[in-house]
Amino acid sequence: MVSPAKKRFEQVRAAREAAAAENLEKAQQEAKAKEQERAEAPAKERSNPFSRGEGGKPRPSPARKHFDRARAKAEASQATPARPQGDAYELHKAAIIEDVRRLSDIQSIERKIEAKRELLPNYESYVQGVLEGGKGQQDDVLMTLMVWYLDVGDLKTGLDIAEYAVNHELETPDRYDRKTANLVAEEVADFVLKLQDGDESKGQVLEQLHRTVEYFADADMHDQVKAKLFKALGYLERDAGDKETALLSLKRALELNDRIGVKKDIQALEKELQNSGQ
């Protein structure tokens, strides 16, 4: 005989599951309706399915952010081999294909990066939802956004995606032609090496660079890329005043690639440490 307490528990659980299923169904129906609306619109009138403000800059509303995050999380958490992606993925895939085309028309790298910075708010809720609820299904939207976040210097978000990708063995889209660890290490190193002297963000960047090294230093990647990563680390450590650690990082970079261009930096650090009696 079922006890009254257990019966109430089962009733509450059933009600919650029914509500969750109903919410998911509503989200899926809305996504399908939007996709149908976009498909029926004349090509010249089609636009990114996110609201934009003055100058074409994205302005997702708080309600839209909450909806996108909840739907992405729900669909990612219920993914199966038979249905690896849901409507949230398809909607964002359509949007990112359009945005990639738009970016391909921009010749300037600097302007491309600025354009990505303006577009990323459209996708942040989707990223949060997938990272919270995802089961590791291949996601080309997420992997493209990982590169965009690294390009614009949001290393934390980019690395959050990278760790999720590595843990679940996600592949980068074909157009990048690089494995995740190799791509992430080079993107981070390139960003760090372009930082200007006196940049106030170097402290925060160093924290994320340490995170990159700790997570990817033992990964299988080209020695030249790993050398670049340790070179970037050595320079930031030197700028932070940690000369002994910087010397070790630069020597490691030289071991990996004797043409990495750090020999004079190593000699200078050795001289400074010798003169200071360390």
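Only a predicted model underlies this, so the values are computations on that prediction, with no experimental measurement involved.

Things to note about the packing of aromatic side chains
Any aromatic ring pair is given by two values, namely how distant the centres are and how the planes are angled relative to each other.
Move 1: The tally for this structure, following the rule as stated, stands at two aromatic pairs.
Move 2: An angle of 85° between the planes, with centres 6.2 Å apart, marks the rings of Tyr123 and Trp148 as edge-to-face. In this pair, Tyr123 is assigned in the loop between α4 (109-119) and α5 (124-133) and Trp148 in helix α6 (residues 140-152), connecting sequence segments 25 residues apart.
Move 3: Centre to centre, the rings of Tyr215 and Phe216 are 5.0 Å apart; their planes meet at 75°, and the pair counts as edge-to-face.
Move 4: Residue classification places Tyr215 among the partly exposed positions, given a relative accessible area of 29%.
Move 5: Owing to a relative accessible area of 2%, Phe216 belongs among the buried residues under this scheme.

Describing unusual backbone geometry
Move 1: A positive phi angle, near 60°, is found at Glu169, a position not held by glycine.
Move 2: Relative to the assigned elements, Glu169 resides in the loop between α7 (155-167) and α8 (180-193).

Some remarks on the packing of α7 against α8
Move 1: As a packed pair, α7 and α8 sit with axes 10 Å apart at the nearest point and diverge in direction by 165°. When the axes of α7 and α8 are compared, the pair comes out roughly antiparallel. For the crossing formed where α7 meets α8, the hand is left-handed. Seen from α7, the contacting residues are Leu155, Leu159, Ala162, Ala165 and Val166; seen from α8, they are Thr180, Val184, Val188 and Phe191.
Move 2: Each residue belonging to the contact of α7 with α8 can be placed in one class, and the counts come to eight nonpolar, one polar and no charged.

The rules behind these values
Residues numbered from 1 in each chain as written. Predicted model: local features only at pLDDT ≥ 70, side-chain atom pairs only at ≥ 80, totals over all residues. Heavy atoms only, no water. Phe/Tyr/Trp six-rings, centres within 6.5 Å; stacked < 30°, edge-to-face > 60°. Helix = DSSP H or I, 4+ residues; strand = E, 2+ residues; numbered from the N terminus. Buried < 20%, exposed > 50% of the residue type's maximum accessible area, 1.4 Å probe, protein only. Axes fitted to C-alpha atoms, helices over the stretch in contact; angles between N-to-C directions. Parallel < 35°, antiparallel > 145°, perpendicular 65-115°, else oblique. Left-handed = near helix turned anticlockwise from the far one by under 90°. Contact = heavy atoms within 4.5 Å. Nonpolar A, V, L, I, M, F, W, Y, C, P; charged D, E, K, R; others polar.

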